[in-house]
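# Geometric and topological summary
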Amino acid sequence: MHRSLVLLLIFALLASCQAPPRIVPRTAPVPAPRPKPVAEPWSRVEQQILALVNEQRAMHHLPPLKPDPRLHRAALLHTREMARHLTLTHRSRDGRGVSDRIREQGYHWTRVGENVAMKKTANPSARLPYRVMFGTDNLTMIQTYCRQHGLPVPLGWQDVGRGWSGADWDRWKQVHGGNGGWMGSPGHRRNILLPGFTDTGISHISRRDGNGSLYHYFTQDFAAGDPLP
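Residues numbered from 1 in each chain as written. Predicted model: local features only at pLDDT ≥ 70, side-chain atom pairs only at ≥ 80, totals over all residues. Heavy atoms only, no water.

An unreviewed UniProt entry lists the protein chain under the name SCP domain-containing protein, with Desulfolithobacter dissulfuricans as the source organism.

What follows concerns the overall build of the protein chain. Secondary structure summary: the protein chain contains eight helices and four strands in total. Along the protein chain, helices (α) and strands (β) appear in the sequence α-α-β-α-α-β-α-α-α-α-β-β when read from the amino end. Here the protein chain, with 229 residues, has 41% of them falling under the buried criterion. When contacts within the protein chain are restricted to residue pairs at least 6 apart in sequence, long-range pairs at least 24 apart make up 66% of them. Looking at the protein chain as shown, the accessible area adds up to about 13,500 Å², and 57% of this sits on carbon and sulfur atoms. (Helix = DSSP H or I, 4+ residues; strand = E, 2+ residues; numbered from the N terminus. Buried < 20%, exposed > 50% of the residue type's maximum accessible area, 1.4 Å probe, protein only. Contact = heavy atoms within 4.5 Å. Areas by Shrake-Rupley, 256 points an atom, 1.4 Å probe, with all protein chains shown as cover.)

Below, the discussion takes up the pairing of strand β4 (residues 214–225). When a strand is regular, its side chains alternate between the sheet's two faces. Counting buried residues in β4 gives 11 out of 12 residues, a clear majority hidden from the surface. Relative to β4, strand β2 (residues 109–121) runs antiparallel, the two sharing 12 bridges. Across the sheet, the residue bridging to Val 116 is Thr 219, located in β4. Relative to β4, strand β3 (residues 199–208) is paired through 10 bridges, and the arrangement is antiparallel. The residue bridging Thr 200 from the neighbouring strand is Phe 222, located in β4. Once β3 ends, the chain turns through five residues before running back antiparallel as β4, passing Gly 212 with a positive phi of about 95°. (Pairing = 2+ DSSP bridges.)

A separate point is helix α6 (residues 139–148). Helical geometry: 3.6 residues make up each α-helical turn, so side chains three or four residues apart lie on a common side. Looking at α6, one finds that the buried residues are Leu 139, Ile 142, Gln 143, Tyr 145 and Cys 146. Down the axis of α6, the buried set is contained in an arc of 160°. They therefore lie on one face. Along α6, exposed side chains directed more than 90 degrees from the buried face belong to Arg 147 and Gln 148. Where the residues of α6 are buried, they touch α5 (128–134) and α7 (166–175). Positive phi appears at Gly 150, one or two residues downstream of α6, with a value of about 65°. (Arc of directions from axis to C-beta.)

On to the packing of aromatic side chains, then. For the structure shown, the criterion picks out seven aromatic pairs. Relative to Trp 169, the ring of Trp 164 lies with its centre 4.2 Å away and its plane at 50°, an arrangement referred to as tilted. One exposure class covers both Trp 164 and Trp 169, and it is buried. Consider the rings of Phe 197 and Phe 222, whose centres lie 5.4 Å apart with planes at 25°: the pair is stacked. (Phe/Tyr/Trp six-rings, centres within 6.5 Å; stacked < 30°, edge-to-face > 60°.)

Among the secondary structure elements, Ser 203 is positioned in strand β3. The buried category is assigned to Ser 203, whose relative accessible area is 0%. Among the polar contacts listed, one links the side chain of Ser 203 to the side chain of Thr 79, at a separation of 3.3 Å. Setting aside anything within four residues of it in sequence, one finds Ser 203 in contact with Glu 46, Ala 75, Leu 76, Thr 79, Tyr 217, Phe 218 and Thr 219. (Polar contact = N/O pair within 3.5 Å; in protein donor to acceptor, adjacent residues only side chain to side chain.)

Further remarks concern the side chain of Arg 101. Along the chain, Arg 101 falls in helix α4 (residues 98–104). Of the residues examined, Arg 101 reaches a relative accessible area of 4% and is grouped as buried. Separated by 3.1 Å, the side chain of Arg 101 and the backbone oxygen of Arg 96 make a polar contact. Setting aside its immediate chain neighbours within four residues, Arg 101 contacts Ala 74, His 78, His 90, Arg 91, Ser 92, Arg 96 and Glu 114.

Turning our attention to the sheet that holds strand β1 (residues 66–67). With mixed pairing, the four strands of this open sheet are ordered in space as β1-β3-β4-β2. On the outer flanks of this sheet lie β1 and β2, each paired with one strand and no other. Pairing analysis gives two bridges linking β1 to β3, with the strands arranged parallel. When the sheet's bridge partners are listed, Lys 66 is paired in β3 with Asp 199. Along the sheet, helix α3 (residues 69–85) makes contact with β1, β2, β3 and β4, crossing β3 at roughly 25°. (Axes fitted to C-alpha atoms, helices over the stretch in contact; angles between N-to-C directions.)

Next up, the structure:
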């Protein structure tokens with residue numbers, strides 16, 4: 001009896017010396033970081049349009065817009081959809097607007113804007129950037145308009161619009177049969193010359209129809225980023 005009691009006491013002491021079970025805290029899974037958009041190269045036409053846009057901003061003492069890969073990607077996806085369905089619109093087929101499309105690319109914005117355009121040409125070598133911006137790629141036509149209305153005559157495309165007011169651009173649109181390009185349209189011109197915009201993305205996609213004509217679709221997205229998203 002005494003020996004059994006001693007053994008029970010020894011077992012009890014050994015049991016009390018065992019380390020308590022270790023509890024491993026379960027941490028919440030860390031969400032994977034959002035992949036950065038692929039920086040797709042800008043085409044020559046897209047680069048030329050950006051240069052023309054920034055030349056117009058410089059004439060009004062505004063800083064140049066900086067190319068942003070997220071805005072470029074948002075513009076590219078929208079232009080692809082327009083070209084695929086032969087439509088010209090600011091609204092995606094699923095109802096999204098420019099603010100939604102830019103946000104989906106990881107750009108946190110404080111203000112956004114968008115210009116779109118479509119040009120139909122039979123000549124693949126048409127100087128599209130000038131047609132998009134000014135409604136024509138005929139510099140002589142613009143020079144004639146300036147002489148008739150007492151405006152500074154541009155020596156080159158980089159001077160088109162120098163000394164023009166909004167009324168001059170509106171008159172140019174009327175003289176040119178309602179096609180004054182983005183600068184001849186008050187809404188499009190407002191986006192190009194808005195001081196609050198800092199970044200941009202521009203996309204151009206062409207599609208040929210059954211008659212051999214080329215349809216060119218364009219999107220320019222404007223935005224200012226939120227420093228505290």
